[in-house]
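Results of the structural survey
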Amino acid sequence: MSETWESATAYVVAALEAKGTATRDDFDVPAIVAASRDIADSWDFRAIEDATFWRIAATFLRV
């Protein structure tokens, strides 16, 4: 399976909504995808450490 913007976005949304405490609407998902892409240097975000991913996500939490 090739990694794309769409698959990366789906990955981010699934991670954000996995625990049921937040939804994609609580975050700027495109910004999380872009920042994660910069760190991973790929559309495959599975290589990013969980702590790093959640730091990125927290940066783009809508308040």
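Every chain is numbered on its own, with residues counted from 1 as its sequence reads. Since the coordinates come from a predicted model, pLDDT governs what is reported: local features require at least 70, and pairs of side-chain atoms require 80 or more to be given and counted, while whole-chain, interface and lining totals use all residues. Side-chain metrics in this entry use all non-hydrogen atoms of the structure; hydrogen atoms and water are not considered.

Remarks on the overall build of the chain
The test is simple: Numbered from the N terminus, helices here are DSSP runs of H or I no shorter than four residues, and strands are runs of E no shorter than two. Only C-alpha atoms enter the radius of gyration; for comparison, a globular chain is expected to reach 2.2 Å times N to the power 0.38, where N is the number of residues. Accessible area is worked out with a 1.4 Å probe on protein chains only. A residue is then buried under 20% of its type maximum, exposed over 50%, and partly exposed in between.
Looking only at helices and strands, the chain features three helices and zero strands. N-terminal to C-terminal, the α/β element order of the chain is α-α-α. The C-alpha radius of gyration computed for the chain amounts to 11 Å, which stays within 12% of the reference 11 Å derived for 63 residues, consistent with globular compactness. Looking at the chain residue by residue over its 63 residues, the buried ones come to 30%.

Looking at the packing of aromatic side chains
The following threshold applies: Stacked, tilted and edge-to-face are the three classes applied to pairs of Phe, Tyr and Trp rings, where Trp contributes its six-membered ring and a pair requires centres within 6.5 Å; stacked means planes under 30 degrees apart, edge-to-face means over 60, and tilted covers the rest.
Under the criterion given, the structure shown has four aromatic pairs. Here the aromatic rings of Tyr11 and Phe45 are separated by 6.4 Å at their centres, their planes lie at 80 degrees, and the arrangement is edge-to-face. Residue Tyr11 is located in helix 1 (residues 5-17), and its partner Phe45 is located in the loop between helix 2 (29-40) and helix 3 (50-59); the two are separated by 34 residues in the primary sequence. Given a relative accessible area of 34%, Tyr11 falls into the partly exposed group. Between Phe53 and Trp54 the ring centres are 5.0 Å apart and the planes differ by 85 degrees, which places this aromatic pair in the edge-to-face class. For Trp54, a relative accessible area of 38% gives the class partly exposed.

Here we look at the side chain of Ser36
Put simply, the rule is: Only heavy atoms enter the contact rule, under which two residues are in contact if any of them lie within 4.5 Å.
Its location among the elements puts Ser36 in helix 2. On the basis of relative accessibility, which here comes to 0%, the residue Ser36 falls in the buried class. Every residue in contact with Ser36, bar those within four places of it in the chain, is listed here: Phe45, Ile48, Phe53 and Ile56.

Quick notes on the nonpolar core
The line we're drawing: Note on terminology: a nonpolar core comprises buried Ala, Val, Leu, Ile, Met, Phe, Trp, Tyr and Cys residues joined through side-chain atoms within 4.5 Å.
In terms of nonpolar packing, the biggest core is built from 15 residues, with Val12, Leu16, Ile32 and Phe53 touching the most fellow members. Listed by contribution, the elements that provide at least two residues to this core are helix 1, helix 2 and helix 3. With residues near it in sequence (within four places) discarded, Phe53 still touches Val12, Ala15, Leu16, Ile32, Ser36 and Ile48.

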